[in-house]
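# Results of the structural survey
Spelled out, the chains give:
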Amino acid sequence: MIYQTDFDYKTKKGNLVVNVSSVTLKDSELDKKEKNPIEIMKNVFSSGLHISPYIGLKTRNIENSDSKEYLIRTICGTTIDGIFLKKGIPSLPIYGGLIKVKNYVPQRFTELISYKKTSITPPINAFIADGMTSVLDVIETGNGVIPANFRVIPKDSLEKTKAILGDLNKIGINGVISIGEAGEKVLGINVNESMAGIAIIAGITPLCTLKELDYPIEMKISDEMASFENLKPAHNVLKKRKNSTNKNSKKLQKNSILKPSAKEKELKVSFLLSKAWNLIQNVDFDVETCEGNLITNLSYVDKSDLEESIEIMKKSYKLSKRYLSPYYKIIEPEKGTKYHENNKIGIATICSLSSDGVLINKGIMSTPKYGGLLEIGKNPFFTELISYDGSSIDPHEIFIFKNMTYVLNKNNHDENYLNNPDYNFDINGSKKILASIKEVPFIARDKTKEILDGMEKIKLPIFKIGKPRELVYNAKVDTYNFGFVTGSGLNQIAAIKESGIDVDIKAVQGTIEIDEMELL
């Protein structure tokens, strides 16, 4: 789509890349005086938190209902990459992520996913999920989190790039949050001395506000090409129902409410694998004695939901004993923490990184490669993969946030199925669970298999040990290595969320002695 961009900002003609979002709104929602969805979108465009205020809008009444569907096209940041390319400037998208804003000042990227190390494209898709953005808070208080992308350009094209961005700004296309000089760190991201970094707000930012308010919105990023001539200012096309007024709407402003970004040199974004290596060092579990510490995830639910949550975990384990671990521990939050004040209770589960720690303690180099979404059935395969070395957030958290798992039974099997010893989900159905693939030098395969077999005996799920250079459930490992697949301790937590219970998920949080844990 970068190549297909032929928009000429001097003539204001040509095609550019757009995101396509769809939201269904009821008449009662459109008539709201408070938190009216149309007014909310207009106010976001008024705030300048967008690539451009020019949008495409189509609406249709839904038959036999009091609802209307809105199809909204917003300009995507990929358009800017395309414009640069047409002017002879190679713009290289590197990351999608989230930026923390404080007092209207962009501080740093707090979360990142590399374009090159994920199957989720573009990576910003991973962050358009429940509870991950707070665009409304930024507008109302100046504090919050907004989605953005990061790219680099050759340093020798920096002045030309700035001139183009200036011309684009004059016609209502911008979205630049921060642009660095050659080799300058940008919002916590290191940049090669021969390149310059540019952070640009995500084009779907105005629509994130509707997701934050739980409106049923579906967003497709970089979805299609559209002619600029068919786009109109949001303020002109976003209208409430005829019998409603627009007294509180604001006019579009040319500049963003954001102030110049922070330039604190010590800020830096770290990927998950850096944290993981340190926790792996704390694993001292011995397969032979079944004693020692393993890495755990720690998730929180309301205390009133604890009993139901445990029952859901038991059900999910009964359905897929081969793929899930039965270990858990109930943990009271520390006094003074938000979890204690909000009457939450913690549920600890074993993290799949524990297997790497066990192997490394035996002198075998095991490297966490990918966290993935595994479709299980007759022929299991990974449908999504995110590299541990290319993401600042645990991949499994992302899949849960985006409601991509299906740990529980699609067919709502009753207790007759759960109690049937002959029931085999690999044959009778398919679902999507969380799994990880690890990488080990093939010379250590025999010893690794012996250790992993021991872990499997104590119900720590290891369900595929590959051969050298073999694709493992369609995931590739490096030459001279083999891969093995482990189940995630967050599968049971995903089942809780699938059941409609609010859960605050925290992967890779610490270590616990295995004999302190209970069995489902």
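Refer to the structure above for everything that follows.
Bear in mind that the values here come from a model prediction, so they are computed numbers and not experimental data. (Residues numbered from 1 in each chain as written. Predicted model: local features only at pLDDT ≥ 70, side-chain atom pairs only at ≥ 80, totals over all residues. Heavy atoms only, no water.)

## Regarding the sheet that holds strand β16 (residues 431-441)
The antiparallel open sheet is built from five strands, whose spatial order is β15-β14-β16-β18-β17. A strand with exactly one partner marks an edge of an open sheet, and here the two such strands are β15 (381-387) and β17 (462-465). Across the sheet, the mean angle from the axis of one strand to that of its neighbour is 30°, orientation sign disregarded. Strand direction decides the pairing type here: strand β14 (residues 367-376) and β15, joined by six bridges, are antiparallel. Bridge pairing in β15 places Gly372 opposite Leu385. (Pairing = 2+ DSSP bridges. Helix = DSSP H or I, 4+ residues; strand = E, 2+ residues; numbered from the N terminus. Axes fitted to C-alpha atoms, helices over the stretch in contact; angles between N-to-C directions.)

## Digging into the side chain of Asn297
When you line up the elements, Asn297 lands in strand β11 (residues 293-302). Reaching out from Asn297, the side chain makes a polar contact with the backbone nitrogen of Val508 at a distance of 3.1 Å. Once residues within four sequence positions are removed from consideration, Asn297 is found in contact with Ile347, Ala348, Thr349, Ile350, Cys351, Gly489, Leu490, Lys506, Ala507, Val508 and Gln509. (Polar contact = N/O pair within 3.5 Å; in protein donor to acceptor, adjacent residues only side chain to side chain. Contact = heavy atoms within 4.5 Å.)

## Section: the layout of surface pockets
Unoccupied space between atoms shows up once a probe the size of one water molecule is rolled over them. In this model, the largest pocket occupies a volume close to 900 Å³. The wall of the largest pocket is formed by 32 residues, among which Glu397, Phe401, Asp504, Ile505 and Lys506 lie closest to the centre. Looking at side-chain class alone, the lining of the largest pocket contains 13 nonpolar, eight polar and 11 charged residues. (1 Å grid on protein atoms, 1.4 Å probe; cavity = no way out; pocket = protein on both sides within 12 Å on 5 of 7 lines; lining within 4 Å. Points joined across faces, edges and corners; volume = space filled by probe spheres on them. Nonpolar A, V, L, I, M, F, W, Y, C, P; charged D, E, K, R; others polar.)

## Examining unusual backbone geometry
For the peptide bond that leads from Thr121 to Pro122, omega is -15°, which places it in the cis range. Looking at where Pro122 falls in the secondary structure, it is placed in the loop between β5 (105-114) and α4 (135-141). With a phi close to 55°, Asn103 is a non-glycine residue in the positive phi region. Among the structural elements, Asn103 can be located in the loop between β4 (92-102) and β5.

## Quick word on the sheet that holds β11
If you trace the five strands from one edge of the open sheet to the other, you get β19-β11-β13-β12-β20, paired in antiparallel fashion. Two strands lie at the open edges of the sheet, namely β19 (510-513) and β20 (518-519), each paired on one side alone. As judged from the four bridges shared by strand β12 (residues 327-331) and strand β13 (residues 344-350), these two strands associate in the antiparallel manner. Paired with Ile331 across the two strands is Gly346, which belongs to β13.

## Structural notes on the packing of helix α11 (residues 354-361) against helix α15 (residues 445-457)
Close contact between α11 and α15 brings their axes to 11 Å; oriented N to C, the two are set at 130°. Compared by their axis directions, α11 and α15 come out oblique. For the pair α11 and α15, the sense of crossing is right-handed. Residue-level contacts link Ser355, Val358 and Leu359 of α11 to Thr448, Ile451, Leu452 and Met455 of α15. Of the residues that constitute the contact of α11 with α15, the class distribution is five nonpolar, two polar and no charged. (Parallel < 35°, antiparallel > 145°, perpendicular 65-115°, else oblique. Left-handed = near helix turned anticlockwise from the far one by under 90°.)

## Section: the pattern of salt bridges
Evaluated as defined, the whole model comprises 17 salt bridges. In this structure, Asp302 and Lys344 form a salt bridge, with 2.8 Å as the shortest nitrogen-oxygen distance. With Asp302 in strand β11 and Lys344 in strand β13, this residue pair connects regions lying 42 residues apart in the sequence. Its salt-bridge partner being Lys329, residue Glu516 comes within 2.9 Å of it at the nearest N-O pair. Taken together, the positions of Glu516 in the loop between β19 and β20 and Lys329 in strand β12 put the pair 187 residues apart, joining distant regions of the chain. According to the relative accessible area criterion, Lys329 is partly exposed, its value standing at 23%. When salt bridges that share partners are traced, they join Lys369, Glu439 and Asp478 into one network. (Salt bridge = Lys/Arg side-chain N within 4 Å of Asp/Glu carboxyl O. Buried < 20%, exposed > 50% of the residue type's maximum accessible area, 1.4 Å probe, protein only.)

## A short note on the packing of aromatic side chains
Scanning the model with the defined rule gives nine aromatic pairs in all. A ring pair is formed by Phe7 and Phe228, whose centres lie 4.9 Å apart and whose planes are at 50°; its orientation type is tilted. In this pair, Phe7 is assigned in the segment before β1 (15-26) and Phe228 in the loop between β9 (217-227) and β10 (232-233), connecting sequence segments 221 residues apart. Look at Phe7 and you get buried, because its relative accessible area is 5%. The exposure class assigned to Phe228 is buried, which follows from its relative accessible area of 6%. Ring centres 4.8 Å apart and planes at 75° place the aromatic pair Tyr323 and Phe463 in the edge-to-face group. (Phe/Tyr/Trp six-rings, centres within 6.5 Å; stacked < 30°, edge-to-face > 60°.)

By themselves, these are just geometric observations and shouldn't be taken as functional.
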